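# Overview (structure and organization)
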Amino acid sequence: MSKKTFLNEIKVKTYNLIFYLKIMGSQYAVRAPFGRRGCSGSLPGSSGPPLLSASASPSADPLLVSGFPDPAKHLPFWSLKDDIMAKFRRRTCFILSLFILFIFSLMMGLKMLRPNKAAFGDPFGLELLPEIRQQTHLTKGFDSQESDKISSKTNIKNLKTEEITVKASVASEAHPEQLPPLNYYLHVFYYSWYGNPQFDGKYIHWDHPVLSHWDPRITKKYPKGKHNPPDDIGSRFYPELGSYSSRDPSVIETHMKQMYSASIGVLALSWYPPDLNDENGEPTDNLVPTILDKAHKYNLKVTFHIEPYKNRDDKNMYKNVKYIIDKYGNHPAFYRYKTKNGNALPMFYIYDSYITASQKWANLLTSSGSQSIRNSPYDALFIALLVDKKHRYGILRGGFDGIYTYFATNGFTYGSSYENWAKIKYFCDQFDLMFIPSVGPGYIDTSIRPWNSHNTRNRINGKYYETALSAALQAHPSIISITSFNEWHEGTQIERAVPKRTGNIVYLDYRPHKPSLYLELTRKWSEKYRKERAIYAIGHQELSRQPVS
């Protein structure tokens, strides 16, 4: 059969089917809707040429149908009562109408599941999925976990160009008049140890080395070396500001503006004594005046997070606390906390306090100690880091005023486990200590500790952060601390981050949300905490403990 003949056959059968369906909808055969042609000759009361056959010209009238039996033979079927056919037609129309209504409702429902003005523009259901985008290995190659490999491949599909850095629109930031007041009971840990060639003559901290595991057998599985900024930095995320310098005044101001937009009242500045620094950085004490000035511009306060500098003990701690208060204590941005008896005292977080014997701390922090700072012009509130449960009584013996937990890894330590916060708060209430739980948006440090992936905590598009904040509020804490604003190495930052791919490195980001996601979540929970604290503080008779603003 030729192609042309085959097409003619298809046309004929199609026309026959159309004509048949039309006849079925008629009341009588002689009143066929086409009303012009008969079947196998002429229907009674009509005349015309015979119907189209398969061999007829394809240009013939398509309403002529061949092969259909003489309707006169089927008149008993076509003469069914009007009401039966009417019911059939009504039922068909009703079912069709229901189907159309269902499709229309389904389409409208799907559209409403993602409103155009949604707070963060998240597609329906996506917030329930774990974060799957992971940064690929260093150029030298890391033995990463299988989940990291899968995530990297997923993120590469979303990045089409060789190098992409997306910056959020300034218009997305909240206007000052739309922001709630700053919450001075909400603190965030801040790091000023970053540097780049423009301001520091070299990259600092962005080129962080890959750290060795304490087990040499595990260390052998991973390469050594340092990261190579600006494209390869010691972080799984990439900052919106790029590999910036903490000495850049515009960077400091941008950071203060971001904290202000998040309704954070106090930044806890990572601090080393003059001429001292961490093993990968440079001295940063000379940055404190600029940080204080920029903080004051946005009504922020600055407290100090004293790092475990070399040979830290009771004697040099007294000297360093005196140095901080003498040099910075009169600045309007210097943070003081009003105690129950009405004294406005500075506050110092003491990182890794447990590595110093409690007796040495008692020399400094008890009224009978040999280096006592109590009831002197340099008296302050000293907050110890709680890691292990057994550290609680060492903190008491050392004379500390409170406890904080720092780590943003739920389950990593006794102190950082949400399930223990109620018990820690009860312990603090028994001994008149401040309880300051630390919350964070997630944790991933495999860019500098590739062997530590088991401690990664996925952000789950903000759900991990909100769970931590909710747990902290339930403990009715004196203060809530956030780990961190910009600790990029451990992936705990709430600072704005952007998608970026360079070479074989694909960085994590906050998509499908905006780069400001964690600042916006912080603002939401800051306001919630401010309102709830005002209520439960009365019950705990802590209303008199208010920060000086």
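Residues numbered from 1 in each chain as written. Predicted model: local features only at pLDDT ≥ 70, side-chain atom pairs only at ≥ 80, totals over all residues. Heavy atoms only, no water.

Heads up, the rule is: UniProt positions are given in the numbering used here, feature names are shortened, and annotations may be inferred rather than shown by experiment.
The protein goes by Glycoprotein endo-alpha-1,2-mannosidase in an unreviewed UniProt entry, where it is assigned to Ovis ammon polii. Its UniProt record gives the protein the following Sequence similarities (unreviewed entry) comment, quoted word for word: "Belongs to the glycosyl hydrolase 99 family." Annotation of the protein in UniProt includes, under Subcellular location (unreviewed entry), the sentence "Golgi apparatus membrane".

### Quick word on a nonpolar patch on the surface
For clarity, the cut-off: Residues enter patches when they are more than 30% accessible in relative terms and free of salt bridges; like-charged ones are connected within 9 Å and nonpolar ones (Val, Leu, Ile, Met, Phe, Trp, Tyr) within 5 Å. Residue-level accessible areas treat just the shown protein chains as cover; the underlying method is Shrake-Rupley with a 1.4 Å probe. We count a salt bridge whenever a side-chain nitrogen from Lys or Arg sits within 4 Å of a carboxyl oxygen from Asp or Glu. Strands are runs of DSSP state E lasting at least 2 residues, helices are runs of H or I lasting at least 4, and numbering of each runs from the N terminus.
On the surface, Phe94, Ile95, Leu98, Leu101 and Phe104 cluster together into a nonpolar patch covering about 540 Å² of accessible area. Mapped onto the fold, Leu101 is located in helix 3 (residues 82–112).

### Details of the side chain of Thr483
For the record, the criterion: Accessible area is worked out with a 1.4 Å probe on protein chains only. A residue is then buried under 20% of its type maximum, exposed over 50%, and partly exposed in between. A 3.5 Å cut-off defines polar contacts: any pair of N or O atoms within that distance qualifies, except that in protein one atom must be a possible hydrogen donor and the other a possible acceptor, and neighbouring residues in sequence count only when both atoms are side-chain atoms. The contact criterion used is simple: two residues touch if any of their non-hydrogen atoms lie within 4.5 Å.
Relative to the elements of secondary structure, Thr483 occurs in the loop between strand 11 (480–482) and strand 12 (500–502). For Thr483, a relative accessible area of 1% gives the class buried. A distance of 2.6 Å separates a polar side-chain atom of Thr483 from the backbone oxygen of Tyr406. Not counting residues up to four positions away in its chain, the partners in contact with Thr483 are Phe189, Tyr406, Ala408, Ser438, Val439, Gly440, Pro441 and Thr492.

### Re the packing of aromatic side chains
Basically, it comes down to this: Between the rings of Phe, Tyr and Trp (Trp by its six-membered ring), a pair exists once the centres lie within 6.5 Å; its type follows the angle of the planes, with under 30 degrees stacked, over 60 edge-to-face, and the other angles tilted. By definition here, charges over rings are those cases where NZ of Lys or CZ of Arg is within 6 Å of the ring centre and within 35 degrees of the ring normal.
According to the stated counting rule, one finds 34 aromatic pairs in the structure shown. Aromatic pair Tyr510 and Tyr518: ring centres 4.8 Å apart, planes at 80°, arrangement edge-to-face. According to the relative accessible area criterion, Tyr510 is buried, its value standing at 2%. Among the aromatic residues, those joined into a ring-pair cluster are Phe189, Tyr349, Tyr351, Tyr404, Tyr406, Phe407 and Phe412. Stacked on the ring of Tyr238, the Lys or Arg Lys500 has its end atom at 4.8 Å from the ring centre. In this structure, Arg533 is placed above the aromatic ring of Tyr185, and the distance from its NZ or CZ to the ring centre is 3.7 Å.

### Some details on the packing of helix 10 (residues 358–365) against helix 11 (residues 391–398)
Note the threshold: Only C-alpha atoms enter the line fits that serve as axes; for helices the fit covers just the stretch in contact. Angles between N-to-C directions range over 0 to 180 degrees. When residues are sorted by character, Ala, Val, Leu, Ile, Met, Phe, Trp, Tyr, Cys and Pro go into the nonpolar class, Asp, Glu, Lys and Arg into the charged class, and all the rest, Gly among them, into the polar class.
Interaxial distance between helix 10 and helix 11 falls to 7 Å at its minimum, and their mutual angle equals 30°. Of the residues in helix 11, those in contact with Ser358, Trp361, Ala362 and Leu365 of helix 10 are Gly394, Arg397 and Gly398. For the contact of helix 10 with helix 11, the class distribution of residues is 3 nonpolar, 3 polar and 1 charged.

### With respect to the layout of surface pockets
Let me state the cut-off plainly: Only protein atoms enter the 1 Å grid, on which a cavity is a set of points fitting a 1.4 Å probe that cannot get out and a pocket is an open set with protein on both sides within 12 Å along at least 5 of 7 lines, lining residues being those with an atom within 4 Å of a point. Grid points are joined across faces, edges and corners, and a volume is the space filled by probe spheres set on the points.
If you add up the space inside the largest pocket, you get close to 780 Å³. In terms of lining, the largest pocket is formed by 29 residues, of which the most central are Leu211, Tyr351, Arg449, Glu487 and Glu490. By residue class, the composition of the lining of the largest pocket is 13 nonpolar, 8 polar and 8 charged.

### Some thoughts on the environment of Ile325
Residue placement: Ile325 occurs in helix 9 (residues 314–328). On the basis of relative accessible area, Ile325 is assigned to the buried category, the value being 9%. Separated by 21 residues in the primary sequence, Ile325 and Pro346 have C-alpha atoms spaced 8.1 Å apart. Beyond its immediate sequence surroundings of up to four residues, Ile325 is in contact with Asn330, Phe334, Pro346, Phe348, Pro377 and Tyr378.

### Concerning helix 7 (residues 249–261)
What counts here: Between the first and last residue of a helix there are one fewer steps than residues, each counted as 1.5 Å, and that sum is the expected span.
Over its 13 residues, helix 7 extends 18 Å from the first C-alpha to the last, a length consistent with the 18 Å expected when each residue adds 1.5 Å. Positive phi appears at Ser263, one or two residues downstream of helix 7, with a value of about 60°.

### Comments concerning the pairing of strand 4 (residues 301–306)
Applicable threshold: Pairs of strands are assigned from DSSP output, requiring at least two bridges between the strands. We call a crossover right-handed when, viewed with both strands directed away from the observer, the connection leading from the first strand over the helix to the second proceeds clockwise.
In terms of burial, strand 4 is a largely internal element, 6 of the 6 residues being buried. Side chains of strand 4 alternate between two faces, with Lys301, Thr303 and His305 and Val302, Phe304 and Ile306 buried alike. Bridge count between strand 3 (residues 264–271) and strand 4: 6 bridges; the pairing is parallel. Opposite Leu267, over in strand 4, you have Val302 as the bridge partner. A crossover links strand 3 with its parallel partner strand 4, the connecting element being helix 8 (residues 288–297), and its sense is right-handed. Where strand 4 lies against strand 6 (residues 344–350), 3 bridges are found, and the strand directions are parallel. Note that in strand 6 the partner of His305 across the bridge is Tyr349.

### Observations regarding the nonpolar core
Put simply, the rule reads: In these notes, a set of buried Ala, Val, Leu, Ile, Met, Phe, Trp, Tyr and Cys residues joined through side-chain atoms within 4.5 Å is what counts as a nonpolar core.
Counting residues in each nonpolar core, the largest one holds 110 residues, and the members touching the most others are Met256, Leu267, Met347, Phe348 and Phe382. Beyond its immediate sequence surroundings of up to four residues, Phe348 is in contact with Thr303, Phe304, Ile306, Val321, Ile324, Ile325, Ala380, Leu381, Phe382 and Ile383.

### Regarding the pattern of salt bridges
Going through the model one piece at a time under the given rule, you end up with 20 salt bridges. Of the charged contacts in the structure, one is a salt bridge between Asp200 and Arg247, with a shortest N-O distance of 3.1 Å. Taken together, the residues Asp200 in helix 5 (residues 197–200) and Arg247 in the loop between helix 6 (216–219) and helix 7 connect sequence positions 47 residues apart. Measuring nitrogen to oxygen at the nearest pair gives 3.0 Å for the salt bridge that ties Arg496 to Glu240. Residue Arg496 is located in the loop between strand 11 and strand 12, and its partner Glu240 is located in the loop between helix 6 and helix 7; the two are separated by 256 residues in the primary sequence. Across the pair, Glu240 and Arg496 agree in class, each one buried.

### Some details on unusual backbone geometry
The residue after Thr483, namely Ser484, is reached through a cis peptide bond having omega 10°. Of note, the amide linkage connecting Arg511 to Pro512 takes the cis form, showing an omega dihedral of 15°. One non-glycine residue, Asn311, adopts positive backbone phi at about 60°. If you trace the backbone, Asn311 turns up in the loop between strand 4 and helix 9.

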